[in-house]
Structures are given as structure tokens and as C-alpha cells.
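# Analysis of the macromolecular model
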Amino acid sequence: MEKKSKPPFYVTTPIYYVNGIPHIGHAYTTIIADTLSRFMKMSGREVFFLTGTDEHGQKVEKAAAEHGLDPQVWADRVVARFVDLTKDLACEPDFFIRTTMELHEKGVQKLFLNLLQKGDIYKGEYKGWYCVPDETFLTEDVPQEKDGTKICPDCGRKAQVVSEETYFFRLSAYQQKLLDHYASHPQFVRPQSRMNEVTSFVRGGLKDLSITRTTVKWGIPVPGDPAHTIYVWFDALHNYVTGVGYDRDPALFAKFWPASVQLIAKDILRFHAVFWPAFLMASGFPLPDCVFCHGWWLKDEAKMSKSKGNVLDPYVMLRAMGPDPLRYFLLREVPIGLDGNFSHEAFIRRVNADLANDLGNLVSRALTMIRNYFAGTIPEPGPEEPADADIRKAFEETKARTIAQYESYALNKVLEEIWAFITAVNKYLADNAPWKLHKDPALHPRLARVLRTAAASLRGTAALVAPVIPGSAQKIWEYLGEPGNVRDVCFDGLTFDSPGLGQAVRAPEPLFPRVDLQAFLAEETKPAKEPAMDEQKPMTPEQPAAPAKPLVTYDDFAKMELRVAHVIEAVKVEGAKKLLKLRIDLGTEQRQIVAGVAETYTPEQLLGKKFIVIANLQPAVIRGVESQGMLLAAVAGDKSAIPFFEADVPVGAKVK
Ligand code: MSP
């Protein structure tokens, strides 16, 4: 009954450009969306969670060309990384949309045609300053530099004057309607500071928006006028309707549109809070309840982005400890609207303090005592005393406050609430010292009450925290001997004394092993495959060849694609004295690889050289630079030596 009376919930992330591989910033938005999706499901709401990739436009066209690939081939390759990351973060979207999908392209063409027929789209001539990397025309208020050019205010790069025949969207007609909507829906843009920013931008006046390009080939063709492609933002924003069934699944669309919350970061606020609602009004669709703008993850105080080359690879953390610690850290560390500076030290500190110590130890202590003192099943407890009642009350209050914080998307506060409760339970155990109660059989009913209170607290905690750390919550659930899935708990029915307690608990395994910071940081640099090198020392043979690794079959070996590569560009990686960035030719395509040989070879020494690379190695980000393969080198002591081909071998030839 309860389930049906609640409105459906639809959450979206921006669709990510496939011009580079995903980083912590992308992971962040997807994790917020997944957490909200899981919370709303546990609140008894029907949920649709959409994420995906933005695959058209000049940026992607350019990235593909740089790799010598057709844009679709390039997009197919990169999208796999986004799909994998989504899974590896334990995120479970209901649909992963790609803007190159037919269902999307058709939907966008239909929406375009409708607006053309209505007169909200018309043909004209546009001349203006255009930022190529950002694919956006600069607004009139951007001042001219001394040399007469304009600089893109978002990325700081030079814009170009572009003049072309174009279709315009009649944005000017929506200025007042947008202002009226902001005034009557103060939660439309959150937080409030972003709403103020948007309102004052719109008050400043809106000009009609050029929404087609003749200069960009990689885009959805304008129906009936294929010399034009649809501007990537008009195309991309409509994923939020095509992804949820527009023109394809009317029942799905009717159930979930308008979106409940559209998550974005501040770099794309104007697109989502001005253009997007205007497009929707023009098409006659209701507007989303909320565009929620979160802050940026920074690295060394600068926004993490591909163009700045300071991106952090989420796999450094995922490989070491799975998705939950990263999910926890990103949501706990900064309030959702603010910027946060990412540091591995802060990450490890939190994992050790909050997860391993506070929660992990509580789980293992409580369950170990239940197993040791009562063979795993808590007997009928003695009466509840004030200290026990305080914990019950604390849980009920924590539950109410946690749910309220989830509902207002304040996920760091959710975790503050839950951890305050965990601290209270730890204190309760310390104060009531079950290990002392155990010594006197007369106190065993009291011991049972204390351990039962601890187990009920853990059960409640597992449910409340499940949207954030789903895998660990499920483990706690199972250790407690609870049947089924914690994700199937409905918060409305979650009480402190739920049936189920009293069943046998299982032996817990450490939930979050403590991480040694030094060891972790050493591991972090590992993908660089950087041998420690020192030019002063001569090469010495490696330790005698005891077979350190098991024998492999020929089939194992044949899985590797070894090919001859030719170096066509070589530069140092800034800030990493051991690394070189190489552009290599593989005959069929060009690639970029990062090699830890800068202390033995200068870039000039490698230019024009041919050597062997593993061409089908999973790409990795090394010190913020993407590496799409690995060269083979001998590593002896602290030196490396690359075997170069002396003979004239064809570039790309297979090595067997
Ligand atoms: N393709 C457009 C969005 C179109 S939506 C219709 C785009 N793509 S993007 O790949 O650049 O991703 C932008 C989004 O990724 C941000 O809005 C944010 O959600 C996330 N982030 C990218 N870098 C980020 C940080 N450094 N920090 C936090 N989030 C970041 O813009």
C-alpha cells in the first residue's frame, strides 16, 4: 500500500563526454545519483536512475582524430570504460544512454522538427565568438582583449569568430517565463547561491541560441537539411527525456518525467538551469523538480579535468579496496555543494578512522562476543535499563534525522548522523563492558540485553548506511544472520526491535582492513611501472631467476597483443621525473603511452625508435596522463633498457 502512494523518483547524472577516460569527478556524480536511487528504493518509491555518455560534437571528433580513429570507433572504445567504472563503483543505473543510440537520435530529430514547426526554431545567420574545446558560443558580455580576441571565461583559452548559417532556438521568448518559474519554484535550482547566479544571468537578457552547426560533421543531422548537424548541447540535454522513454515507451515516460533531481556540477549550470528548461517549455513538457549543483573535486586546488591533465584515477582506490571506501569518502568528506581538494592521505585517514575503527571494529567486537559468550545466538535478555533505552531512543532519532537528510540530498550530514550513532554505540559497549558481565553467570541476562542492543544497533546501522556502502551493509546484514537483502528493507518499517534478532550470527570477517598509508601510496605509483632508476649506477643483473610466477600456457601468452611501435613524439610528463609521454604509431592507429624510462632516456633518444608494446593492455591513467599500452623494457636493479629493433621491421608488425 505504502509503496504505491509515494511518487516515483527519477534521478539523472550529466552524460559524460567520451573525449577521455573517466576520473574521480565523474565517479562522484554517479555515486551521488546511485546513493539517492538506493535510498529512494528503500523508502518505497519506484525509481529510475539514468546516466550515460555524450558522444557527438567537436570535442569527441577531435579526440578521435588525435588517435587516428573514426569517432564511432573511438566512442565505442571509451564508453566501455564508463560502463565498467559505473559497475565497479557498485552503481546500478536503470539505463545507460549513449547519444549515438538510434532511440536518442530519432527522439532528438523529432523534438527538433516539432519546435521548427511551432516556430520556436528558425533559420538565420550567426556570427560570434566560439570556444572550440567547450563547444560553446561566448556571451556578448565577455570583453575583448587588447589584441581584439576574446578568451573563453570557462576554460581560459582563445575563442574564434565563427560565422555560419544556422538554426536558432527562440530563447529570448522564454526570459520572463523562466524568471516566473524560478520565482514560483525556489527549489528549482539548488543550492540557493546557484539559483541567484542563474536568476541574475537571465535578468541580464537572453538572446536566441544557435543550435546547429555546418562546421561539425560528427552530430545528429538536422532532418531534411543534412548540411547542418544539431548542436551538441541541444542533442545531449534531451537524453534526459529520450533515456526515459520519450517517443518510445509512453508509459515509462509518463511515470517518470519530470525528473525529481538532475545532478550536475557548476560548470554546466547555465545549460541545465536556463537552456534546458526553455527547451522543455517550448516542447510543452513539465520542468524537473530540481537541478542540483554539486561542487568540484580539485587536485592541487585546481578543478580536476582532462584539459588540465590533473585527473585522478578512481581505480587506484577501487583496486585496493573495492567501491565502498571510495563511495563513503567522496560523500562524507565535503558538503555536496562545495568544492573539495582530493588527497589520498585524507582518503586513507577516513577509511582507517571511520570505516575500519568505528564501524568495522564495532561489528567485529559485537559479533565475536555474541559467538564467544552465547555460541552465536543471544538468549532471552534481561529487562531494558535506562542505558539501553537511551540507545534505542538514539537510534529512532538518528533514523528520523538521517532520512530527512537523505531527502534533502545532504549526504555528508547523513553520514555524520549515522557515525554519531556508531560512536554512541561504541561508548555504550565500553561503559557496559560485556567482557566483565560475562565473568558472572548471574549477570548473563544483562549481558544478553547489552549484546542484543548492540546487534539491533548494527542491524539498524546497516540499513541506514546501505545506500552509501551497499556491499559492506549487506555483509553486516548477513553476519547478523538476517535473511535476504538489506536493500529490500523498507525504511518505514525499520524498527529497533525488528524480528529476526536472536538468530545465530556468523563469524565476521574484517569489513575494512586498516590501510597503511605508505604502502598505499607506493601502490598508487605502481601503474607507472616506474623502476627506481639512478643514472650514476651501472646496470646490474636482476636477482637470480627463481621462477617467481607460475608457468603459463601458450594460450595465456597468446592473449597478449605484442606489436612493433614507432615513436613519433616524445615529451616529459610534467611533475614526474621518471615518466615520458610517447605518441606511437602502430601502423593501423596512433596511441599515447606513458613509460617510466625518463631517467635512462631523454625524449630525443626515443624519437624515431621502434620497440615492442603490449597493444591490448587495459588503458590506465598515470599521474593524470592516459596510457594506452606499455612498452617492454629490461629492468635490472635501478636501470632500464629498451630493446630497440635494429632491422627495418614494418610498424605494427606482430611479435610472437
Ligand atoms: N557532456 C557534458 C554534459 C552534458 S549533460 C546533458 C559534460 N560532460 S563532462 O564529461 O565534462 O562531465 C561533466 C560532469 O562530470 C560535471 O557536471 C560533473 O557532474 C562531473 N565532473 C567532471 N569533473 C568533475 C570534478 N572535477 N568534480 C566534480 N564533478 C566533476 O559536461
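Residues numbered from 1 in each chain as written. Predicted model: local features only at pLDDT ≥ 70, side-chain atom pairs only at ≥ 80, totals over all residues. Heavy atoms only, no water.

### Here we look at the nonpolar core
- Of all hydrophobic cores here, the largest spans 101 residues; its most connected members are I24, V261, W297, L330, F342 and W419.
- The residues touching W419, leaving out its near neighbours within four places in the chain, are Y328, D354, L355, D358, L359 and V465.
- By size, the runner-up hydrophobic cluster in this structure holds 60 residues, among which are I97, I121, Y174 and L280. (Core = buried A, V, L, I, M, F, W, Y, C linked by side-chain atoms within 4.5 Å. Buried < 20%, exposed > 50% of the residue type's maximum accessible area, 1.4 Å probe, protein only. Contact = heavy atoms within 4.5 Å.)

### Examining unusual backbone geometry
- Here the amide bond leading from R190 into P191 is cis, since omega sits at -5 degrees, within 30 degrees of zero.
- Between W257 and P258 the backbone carries a cis peptide bond, its omega angle lying at 5 degrees.
- Turning to its location among the elements, P258 is positioned in the loop between helix 10 (250-256) and strand 12 (261-265).
- One non-glycine residue, D247, lies in the positive phi region at around 60 degrees.
- Tracing the backbone shows D247 in the loop between helix 9 (239-242) and helix 10.
- Backbone geometry places Y409, a non-glycine residue, at a positive phi of 65 degrees.
- As for its position among the elements, Y409 is in the loop between helix 15 (386-407) and helix 16 (411-432). (Helix = DSSP H or I, 4+ residues; strand = E, 2+ residues; numbered from the N terminus.)

### A few points about the sheet that holds strand 18 (residues 562-572)
- Read across the sheet, 5 strands follow the order 20-19-18-21-24 without closing on themselves; strand pairing throughout is antiparallel. A single partner strand is all that each edge strand has here, and the edge strands are strand 20 (590-595) and strand 24 (630-631).
- Where strand 21 (residues 610-614) meets strand 24, 2 bridges bridge the pair, whose relative direction is antiparallel. Across the sheet, the residue bridging to I614 is M630, located in strand 24. (Pairing = 2+ DSSP bridges.)

### Observations regarding the sheet that holds strand 7 (residues 189-190)
- Across the sheet, which stays open at both edges, the 6 strands sit in the order 3-2-1-12-13-7 with parallel pairing between neighbours. Each edge of the sheet is formed by a strand with only one pairing partner; in this case those strands are strand 3 (95-98) and strand 7.
- Most of the contacts of helix 4 (residues 71-88) go to strand 3, to which it runs at about 160 degrees, and overall it touches strand 1 (9-17), strand 2 (47-54) and strand 3. (Axes fitted to C-alpha atoms, helices over the stretch in contact; angles between N-to-C directions.)

### Remarks on the packing of aromatic side chains
- Under the counting rule described, the total for this entry stands at 34 aromatic pairs.
- Here F611 and F644 contribute two aromatic rings whose centre-to-centre distance is 6.4 Å and whose plane-to-plane angle is 40 degrees, an arrangement assigned as tilted. Of this pair, F611 sits in strand 21 while F644 sits in the segment after strand 26 (639-641), and the two are 33 residues apart along the sequence.
- Of the residues examined, F611 reaches a relative accessible area of 0% and is grouped as buried.
- Judged by its relative accessible area of 23%, F644 falls in the partly exposed class. (Phe/Tyr/Trp six-rings, centres within 6.5 Å; stacked < 30°, edge-to-face > 60°.)

### A few points about the site of the ligand
- Within the structure, the ligand sits among 24 residues, and I15, Y17, T29, D54 and W297 are positioned closest to it.
- Within the contact set of the ligand, an oxygen atom lies 3.0 Å away from a backbone nitrogen or oxygen of Y17.
- One nitrogen or oxygen atom from the main chain of W297 is found 2.8 Å from a nitrogen atom belonging to the ligand.
- Here the ligand, which alone exposes 660 Å², has 95% of that area covered by the protein.
- Of all elements in the fold, only strand 1, helix 2 (24-42), helix 8 (232-237) and helix 9 reach the threshold of two or more residues within the shell around the ligand.
- Taken together, the residues of the shell around the ligand break down into 13 nonpolar, 8 polar and 3 charged. (Near = heavy atom within 4 Å. Polar contact = N/O pair within 3.5 Å; in protein donor to acceptor, adjacent residues only side chain to side chain. Areas by Shrake-Rupley, 256 points an atom, 1.4 Å probe, with all protein chains shown as cover. Nonpolar A, V, L, I, M, F, W, Y, C, P; charged D, E, K, R; others polar.)

### Topic: a nonpolar patch on the surface
- Together, V552, Y554, F557 and M560 line one region of the surface with nonpolar side chains, adding up to about 410 Å² of accessible area.
- Mapped onto the elements, Y554 comes out in helix 21 (residues 554-558). (Patch = residues over 30% accessible without salt bridge, like charges linked within 9 Å, V, L, I, M, F, W, Y side chains within 5 Å. Salt bridge = Lys/Arg side-chain N within 4 Å of Asp/Glu carboxyl O.)

### Quick word on the side chain of E589
- Here E589 shows up in the loop between strand 19 (580-585) and strand 20.
- A distance of 3.2 Å separates a polar atom in the side chain of E589 from a polar atom in the side chain of R77.
- In this structure E589 touches H67, L69, R77 and I584, once residues within four positions along its chain are discounted.

### Structural notes on the state of the cysteines
- According to the stated counting rule, one finds 0 disulfides in the structure shown.
- Free cysteine: C293, not disulfide-bonded; nearest cysteine sulfur from C290 at 10.0 Å. (Disulfide = S-S within 2.5 Å.)

### Digging into the confidence of the model for the chain
- On average, residues of the chain carry a pLDDT of 90, and 94% of them reach 70 or more.
- Of the regions scoring below 50 in pLDDT, residues 526-548 engages in 45 contacts with residues more than four places distant in sequence or in other chains. (pLDDT = per-residue confidence, 0-100.)

### Some remarks on helix 19 (residues 470-479)
- By the criterion of burial, helix 19 is predominantly enclosed, with 7 of the 10 residues buried.
- G481 occupies a position one or two residues after helix 19 and carries a positive phi of about 80 degrees.

### Regarding the pattern of salt bridges
- With the rule as written, the count across this model stands at 30 salt bridges.
- The residue E92 makes a salt bridge to R38 at a minimum N-O spacing of 3.5 Å. Of this pair, E92 sits in the loop between helix 4 and strand 3 while R38 sits in helix 2, and the two are 54 residues apart along the sequence.
- On the basis of relative accessible area, R38 is assigned to the buried category, the value being 10%.
- With a closest N to O distance of 2.7 Å, D354 and R350 form a salt bridge. With D354 and R350 both in helix 14 (residues 344-374) and 4 residues apart, the pair spans about one turn of that helix. Of the two residues examined, D354 and R350, each falls in the buried class.
- In the salt-bridge network here, residues are joined through shared partners; they are D34, R38, E92, R327 and R487.

### Comments concerning the packing of helix 15 against helix 16
- Between helix 15 and helix 16, whose axes approach to 8 Å, the crossing angle comes to 170 degrees. Considered as vectors, helix 15 and helix 16 are oriented roughly antiparallel to each other. Residues A387, D388, I391, A394, F395, T398, R401, T402, Q405 and Y406 of helix 15 form the contact with helix 16, whose own contacting residues are L411, K413, V414, E417, I418, F421, A424, V425, Y428 and N432.
- Split into classes, the residues belonging to the contact of helix 15 with helix 16 amount to 12 nonpolar, 4 polar and 4 charged. (Parallel < 35°, antiparallel > 145°, perpendicular 65-115°, else oblique.)

### Topic: the environment of Y10
- Along the chain, Y10 turns up in strand 1.
- Y10 sits in the buried class, given a relative accessible area of 0%.
- Sequence-distant contacts of Y10, that is, excluding residues within four places in its chain, are made with F48, L50, Y240, V244, F256, W257, P258, A259, S260 and V261.
- A distance of 2.7 Å separates the side chain of Y10 from the backbone oxygen of Y240, its partner in a polar contact.

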